[in-house]
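# Structural overview
Chain by chain, the residues run as shown.
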Amino acid sequence: MQLGFIGLGTMGRPMALHLMRGGHGMSVYARRPASAQPLVDDGATACASPAAVAERSEVVFTMVTGTNDVETVVLGADGVVHGADEGALVIDMSTIDPLAAQTMALALSDRGVEMLDAPVSGGPQGAVDAALTIMVGGTTTALERARPLFALLGPTVVHMGESGAGQTTKACHQLALLVTAQGAAEALTLAGRCGLDVERVRQVMMGGVAASRVLDIFGTRMASRDFSAGIESRLYHKDLDIALGLAHNRGAALPAAAVTMQFVNALVGSGRGRDDLSALVTLVEKLGSAPSD
């Protein structure tokens, strides 16, 4: 197939390479030409705009930062909508607002173009290893068309429902991840205050009911004080904001999410938005008073 890929950052670049190595032609666009160069070196065609990518592609993937970015790439002045032929398929794998995903899908359908919202879980390493979990919103017909392509990106593809359902699922996923990370930060802070070896406590917890991938990945970074970014905290801030917006619209109470958002806000507001989420532990540590005798 002739594919297009827009957004060639930490996640998008390895994903596009997997698709190319699956035997597909590839046209690419990135705001920074340097981001596209590894794909071009591997045989992709660099394009001057998202519309130009769409003109060359049967299926266009987008993997950019946030809702406004996707809207610009898809529906903007030089957007995909202006280059896509009738019958084309757009697959957005970013994490964005579900309502915006529905709105874009409707706008594209008026031009005879289908859209899937297909956010992923697995992080940068999952993208490199083609081990992503993909949660999909959209029609069954569009999903079946995309399945051979998704198979090149990860082993788990779940159809969650109509347009927007993939993004809603991702919001719930990120909510659970972030609240769990806050719990891990508090538990490990308490362990340290009690004079215990924080990493040994984490290892014990990993053998008990408290075990989780969040405690494994982020807890390890908290214990080792490695706050270099896996995925930057500013992106989790965006994701939790989406979840809280959904809750507001649906009348759902998310008290733990509200508390966690205060810490993520503080982390980003203090200029540490590019640190890893595990840096939450440093904010929890600062809250406590000196231990009593």
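Quick look at the structure, then. Just so it is clear, the model here is predicted, and its values are computed rather than measured.

About the criteria used
- Residues numbered from 1 in each chain as written.
- Predicted model: local features only at pLDDT ≥ 70, side-chain atom pairs only at ≥ 80, totals over all residues.
- Heavy atoms only, no water.
- Helix = DSSP H or I, 4+ residues; strand = E, 2+ residues; numbered from the N terminus.
- Phe/Tyr/Trp six-rings, centres within 6.5 Å; stacked < 30°, edge-to-face > 60°.
- Buried < 20%, exposed > 50% of the residue type's maximum accessible area, 1.4 Å probe, protein only.
- Polar contact = N/O pair within 3.5 Å; in protein donor to acceptor, adjacent residues only side chain to side chain.
- Contact = heavy atoms within 4.5 Å.
- Salt bridge = Lys/Arg side-chain N within 4 Å of Asp/Glu carboxyl O.
- Arc of directions from axis to C-beta.
- Core = buried A, V, L, I, M, F, W, Y, C linked by side-chain atoms within 4.5 Å.

### Focus: the environment of Glu55
Summarising the element assignment, Glu55 is placed in helix H3 (residues 50–55). Glu55 sits 51 residues away from Gly4 along the chain, and the two C-alpha atoms are 9.2 Å apart.

### Describing the packing of aromatic side chains
Summed over all chains, the structure comprises two aromatic pairs. Ring centres 5.6 Å apart and planes at 10° place the aromatic pair Phe5 and Phe61 in the stacked group. Here Phe61 lies in strand S4 (residues 59–62) and Phe5 lies in strand S1 (residues 2–6), a separation of 56 residues in the sequence. There is no split in this pair, since Phe5 and Phe61 are both buried. Note on Phe218 and Tyr236: the rings are 6.1 Å apart at their centroids and 80° apart in plane angle, and the pair reads as edge-to-face. With Phe218 in helix H10 (residues 213–224) and Tyr236 in helix H11 (residues 233–250), this pair connects stretches of sequence that are 18 residues apart.

### A short note on the side chain of His24
Turning to its location among the elements, His24 is positioned in the loop between helix H1 (12–21) and strand S2 (25–29). For His24, a relative accessible area of 18% puts it in the buried group. At 3.0 Å, the side chain of His24 and the backbone nitrogen of Met1 are in polar contact. Discounting chain neighbours no more than four positions away, the residues touching His24 are Met1, Leu3, Leu19, Leu149 and Leu152.

### Side note on the pattern of salt bridges
Per the counting criterion, the structure on display carries 11 salt bridges. Between Arg31 and Asp69 there is a salt bridge, with the nearest N and O atoms lying 3.7 Å from each other. Taken together, the positions of Arg31 in the loop between S2 and helix H2 (33–41) and Asp69 in helix H4 (residues 67–75) put the pair 38 residues apart, joining distant regions of the chain. For Arg31, a relative accessible area of 65% corresponds to the exposed category. Here the salt bridges do not stand alone but share partners, grouping Glu199, Arg202 and Asp216 into one network.

### Focus: H2
Within the sequence span of H2, burial applies to Ser35, Ala36 and Leu39. Down the axis of H2, the sector holding all buried residues measures 85°, keeping them to one side. Exposed and oriented more than 90 degrees from the buried face of H2 are Pro33, Ala34 and Asp41.

### Observations regarding the nonpolar core
Core analysis: the biggest nonpolar cluster contains 34 residues, and Phe5, Phe61, Ile91, Met93 and Phe150 have the highest contact counts within it. Secondary-structure elements contributing two or more residues to this core are S1, H1, S2, H2, S4, strand S5 (89–92), strand S8 (133–137) and helix H7 (140–150). Those residues in contact with Met93, other than ones at most four positions away along the chain, are Met15, Phe61, Thr62, Met63, Ala118, Pro119, Val120, Ile134, Phe150 and Leu153. Listed in part, the 28 residues of the second largest apolar core include Leu178, Val264, Leu277 and Leu283.

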